Amino acid sequence: MNNIRVVAAIIRKDDKVYSTARGYGEYKGWWEFPGGKIEEGETPQEALVREIREELTAEIEVGDLIKTVEYDYPKFHLSMDCFWAAIKSGELELKEAEEARWLTLDDIDSVKWLPADRELIKDIKQALRE
């Protein structure tokens, strides 16, 4: 099984987290935390800054690692380093996703999460309660 290593940004603003709906592929319309693949020679944090700049045009500050999600999709194994992040400058402008939302504790379960991203929801809910 092919291994894919990616990063995800859980961009937090007050009591909300930012999520996007995939605009392409087998999981089109499913929700995820923005990010992408780590390129050769990049740290996970560098990859995350680059991916958010490419996908959403904003500059972020990468915070603490929340967890690394290991998930087996039917065709590949995903290893996803998930970090807290905050907007440093710019606006979040969709380049690849078809939709985006700021989700609160009350509505975080209202979207259809990609299976690997779903693994983060319990941790995010706990943080939003604090």
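Right above here is the structure, for reference.
Conventions used here
Residues numbered from 1 in each chain as written. Predicted model: local features only at pLDDT ≥ 70, side-chain atom pairs only at ≥ 80, totals over all residues. Heavy atoms only, no water. Helix = DSSP H or I, 4+ residues; strand = E, 2+ residues; numbered from the N terminus. Expected span 1.5 Å × (residues − 1). Buried < 20%, exposed > 50% of the residue type's maximum accessible area, 1.4 Å probe, protein only. Pairing = 2+ DSSP bridges.

Chemist: Residues and numbers for helix H1 (residues 44–56), please.
Modeler: For H1, built from 13 residues, the straight-helix expectation of 18 Å at 1.5 Å per residue is met to within 8% by its first-to-last C-alpha distance of 17 Å. Among all positions of H1, only Pro44, Ala47, Leu48, Arg50, Glu51, Ile52, Glu55 and Leu56 are buried. Just downstream of H1 lies Thr57, where phi reads positive at about 65°.

Chemist: Please set out the pairing of strand S6 (residues 76–89) residue by residue, giving values where relevant.
Modeler: Strand direction decides the pairing type here: strand S1 (residues 2–13) and S6, joined by 10 bridges, are parallel. Opposite Ile10, over in S6, you have Trp84 as the bridge partner. The pairing of strand S5 (residues 59–72) with S6 spans 11 bridges and is classified as antiparallel. Within S6, the residue paired with Thr68 across the bridge is Asp81. Hairpin geometry of S5 and S6 is characterised by an intervening segment of three residues between the two adjacent antiparallel strands.

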